[in-house]
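# Commentary on secondary and tertiary structure
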Amino acid sequence: MPRLAANLSMLYPELPFLDRFDAAARDGFKGVEFLFPYSFAPEEIAARLRGNELQQVLFNAPPGGADAAGFERAWADGLRGTASLPGSEADFRTGVQWALRYAEALQCPRVHCMAGIQAKSTDSHTTISAASSVYESNLRWAAQQAAAAGVDILIEPINTRDMPGFFLNRQDQAHAVVRAVGAPNLKVQFDLYHAQIMEGDIATKIREYLPTGRVGHFQIAGVPERHEPSVGELNYRYLLNVIDDVAAACGWDGWVGCEYRPQRGAVPNGTTDGLGWRP
Ligand SMILES: O=C(O)[C@@H](O)C(=O)CO
Ligand SMILES: [Mg+2]
């Protein structure tokens, strides 16, 4: 079975963030991921990882803004990354620099840079081509900065129902960007939940894309409610087996993030009680 990481932004919602590391370790997870660490000192998080013998496998660069308070405000204001936003290049670079400092402190090998939500425009062709060119040049710069630290930069296609206007929505679009940028440490974060909503045919896409070496990470959740993978229309056992088989054949050695909202919500032990789906 692929290695499963607990997503601490979504799992254990009944606990304060720092206590979620202890809970994940108690539940047998060896890896964790989350969206943003910036409200906490890197040393505080590193201590939780060390104390629980957990690996940090992924987190996100800031969604926008220029400092820790600004990052929180940006998310609350609806910013979902700046990588494809013309005019936000300075915030993008500041965010990547913050992320790489945390990645070093947490010994985390992957940072996800969200593409961002495009402003509505009457001239959509010009908007898309300006966004594409900013996106590629920002990602090229980020990948260069991250290479020196041994970190992969990830991009994630996200479904337009949850994030209307988000720039990156499909696997083929993401792989085309990675090919165009041409940096070996720029990879795709293949979230099966978003992919099922946008395009389906998930097993075929795993078989198509994983052997390319361009997939850096997977995430799973049930569709459409984003609860436990066992709830909903995806056959997650079959899909985890497909990942396992293809990974063994091509030597892929990554993680699958459990990025779902527990069906029982924020009740005590709701996440733990819902973990029976794990193989
Ligand atoms: O799928 C998601 O929502 C996350 O992986 C993310 O990074 C943005 O919210
Ligand atoms: Mg995801």
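A brief report on the enclosed structure follows. Because the structure is a prediction, the values reported are computed rather than measured. (Residues numbered from 1 in each chain as written. Chains lettered and ligands numbered in written order. Predicted model: local features only at pLDDT ≥ 70, side-chain atom pairs only at ≥ 80, totals over all residues. Heavy atoms only, no water.)

## Quick word on the coordination of the magnesium ion (ligand 2)
For a metal with four tetrahedral donors the ideal donor-metal-donor angle is 109.5 degrees, whereas six octahedral donors ideally subtend 90 or 180 degrees. Within the first shell, the magnesium ion (ligand 2) binds the protein through E156 (OE), D191 (OD), Q219 (OE1) and E259 (OE), at distances of 2.0 to 2.2 Å. Viewed at the metal, the six donor atoms of the magnesium ion (ligand 2) are separated by angles of 76 to 172°, and the geometry they form is octahedral. Each donor residue of the magnesium ion (ligand 2) lies on one chain, and together they are spaced E-x34-D-x27-Q-x39-E. With E156 in the loop between β5 (152-155) and α6 (171-181) and D191 in strand β6 (residues 186-191), this pair connects stretches of sequence that are 35 residues apart. Across the pair, D191 and E156 agree in class, each one buried. (Donors = N, O, S within 2.8 Å, 3.2 Å for Na, K, Ca; no water. Tetrahedral: all angles 85-135°; square planar, octahedral: opposite > 155°, others 65-115°. Helix = DSSP H or I, 4+ residues; strand = E, 2+ residues; numbered from the N terminus. Buried < 20%, exposed > 50% of the residue type's maximum accessible area, 1.4 Å probe, protein only.)

## Focus: the nonpolar core
Residues F21, F59, I206 and F218 are the most contacted members of the largest nonpolar core, which totals 84 residues. Judged by nonpolar contacts, the second largest core, of five residues, contains A5, V57, L58 and L154. (Core = buried A, V, L, I, M, F, W, Y, C linked by side-chain atoms within 4.5 Å.)

## A few points about the pattern of salt bridges
Tallying each qualifying case throughout the model produces ten salt bridges. Note that R3 and D253 form a salt bridge whose closest N and O atoms lie 3.5 Å from each other. Within this pair, whereas R3 is found in strand β1 (residues 3-7), its partner D253 is found in the loop between α9 (236-250) and β8 (255-258), the two being separated by 250 residues in sequence. By relative accessible area, which is 33% here, R3 ends up partly exposed. According to the relative accessible area criterion, D253 is exposed, its value standing at 57%. (Salt bridge = Lys/Arg side-chain N within 4 Å of Asp/Glu carboxyl O.)

## What to know about the sheet that holds strand β7 (residues 215-220)
As summarised here, the arrangement of the eight strands in space is β1-β2-β3-β4-β5-β6-β7-β8, forming a closed barrel in which the pairing is parallel. For this sheet, the mean inter-axis angle between neighbouring strands, taken without regard to orientation, is 30°. Here β1 runs beside β8; their pairing, made up of four bridges, is parallel. Along β8, the bridge assignment pairs R3 with W255. (Pairing = 2+ DSSP bridges. Axes fitted to C-alpha atoms, helices over the stretch in contact; angles between N-to-C directions.)

## Concerning the packing of helix α8 (residues 202-209) against α9
At their nearest, the axes of α8 and α9 sit 10 Å apart, and the two run at 15° to each other. The angle between α8 and α9 places the two elements in the roughly parallel class. Of the two possible hands of crossing, α8 and α9 adopt the one that is right-handed. Of the residues in α9, those touching α8 at I202, A203, I206 and R207 are Y238, L239, V242, I243 and V246. Grouping the amino acids of the contact of α8 with α9 by side-chain chemistry returns eight nonpolar, no polar and one charged. (Parallel < 35°, antiparallel > 145°, perpendicular 65-115°, else oblique. Left-handed = near helix turned anticlockwise from the far one by under 90°. Contact = heavy atoms within 4.5 Å. Nonpolar A, V, L, I, M, F, W, Y, C, P; charged D, E, K, R; others polar.)

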